[in-house]
Amino acid sequence: FYTFGNILSLTSTCFLMGPLNQLKKMFAPTRLIATLLMLLFMTLALLSALLWNNVALTVLFCILEFLALTWYSISYIPYARTAIKNAVSACVG
């Protein structure tokens, strides 16, 4: 249900800006990796839940999906990814 909700939220933005404009923005070079990871983890979460019936993998892929979707979402905020990278590096290093 979590993945289906994320799919619905992505399609709702297609309603706001149009599907072609949404696809252009999703696959822009600045967010291509984030988009591909998000779509990969959505697919893997659905496969692990519906076909493989593996709860542990489903939870893992949902967590990774959340992180990928968060990274994708903040790519629309100017300089947000740079600020997060700097904050994490300051905490870690």
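Residues numbered from 1 in each chain as written. Predicted model: local features only at pLDDT ≥ 70, side-chain atom pairs only at ≥ 80, totals over all residues. Heavy atoms only, no water.

Comments concerning the overall build of the protein chain
Filter applied, for reference: The numbering of helices and of strands both runs from the N terminus, where a helix is a DSSP run of H or I of at least 4 residues and a strand a run of E of at least 2. Residue exposure ignores everything except the shown protein chains as possible cover, and the areas themselves are Shrake-Rupley values with a 1.4 Å probe.
The number of helices and strands found in the protein chain is five helices and zero strands. Moving toward the C terminus, one meets the helices and strands of the protein chain in the order α-α-α-α-α. Each principal axis of the C-alpha distribution contributes one length, and for the protein chain these read about 40 × 40 × 20 Å. A total of about 6,400 Å² of accessible surface is found on the protein chain, and carbon and sulfur atoms cover 78% of it.

Some remarks on the side chain of Arg 81
Using the following cut-off: When a residue's accessible area, from a 1.4 Å probe over protein chains only, is under 20% of the maximum for its type it is buried; when over 50% it is exposed; and in between it is partly exposed. Counting rule applied: Lys, Arg positive; Asp, Glu negative; His and chain ends not counted. The term salt bridge refers to a side-chain nitrogen of Lys or Arg lying within 4 Å of a carboxyl oxygen of Asp or Glu. What makes two residues a contact is simply this: any of their non-hydrogen atoms within 4.5 Å.
Residue placement: Arg 81 occurs in helix 5 (residues 80–92). For the buried residue Arg 81, which engages in no salt bridge, the nearest side chain bearing the opposite charge is Glu 65, 17 Å off. Excluding its chain neighbours within four sequence positions, the residues that come into contact with Arg 81 are Thr 30, Arg 31, Trp 71, Ile 74 and Ser 75.

Concerning unusual backbone geometry
Here the phi dihedral of Asn 53 falls at roughly 50 degrees; this positive angle occurs in a residue that is not glycine. If you trace the backbone, Asn 53 turns up in the loop between helix 3 (32–50) and helix 4 (55–74). A relative accessible area of 59% means that Asn 53 is categorised as exposed. Positive phi is not limited to glycine here, since Tyr 79 has a value of about 65 degrees.

Structural notes on a nonpolar patch on the surface
Heads up, the condition is: Only residues whose relative accessible area exceeds 30% and that form no salt bridge enter a patch; like-charged residues are grouped when within 9 Å of one another, and nonpolar side chains (Val, Leu, Ile, Met, Phe, Trp, Tyr) when within 5 Å.
A cluster of nonpolar side chains, contributed by Phe 1, Phe 4, Ile 7, Leu 50, Leu 51 and Trp 52, occupies part of the molecular surface with about 740 Å² of accessible area. Its place among the elements puts Leu 51 in the loop between helix 3 and helix 4.

Brief notes about the UniProt feature "transmembrane region" (unreviewed entry) in the protein chain
Quick reminder of the rule: UniProt positions are given in the numbering used here, feature names are shortened, and annotations may be inferred rather than shown by experiment.
Following the UniProt record, the feature "transmembrane region" (unreviewed entry) maps to residues 32–52 and 58–79 here. The distance from the first to the last C-alpha atom of residues 32–52 is 28 Å, and the span holds 90% helix and 0% strand. What you have in residues 58–79 is 77% helix and 0% strand, and the ends, taken at the C-alpha atoms, are 32 Å apart.

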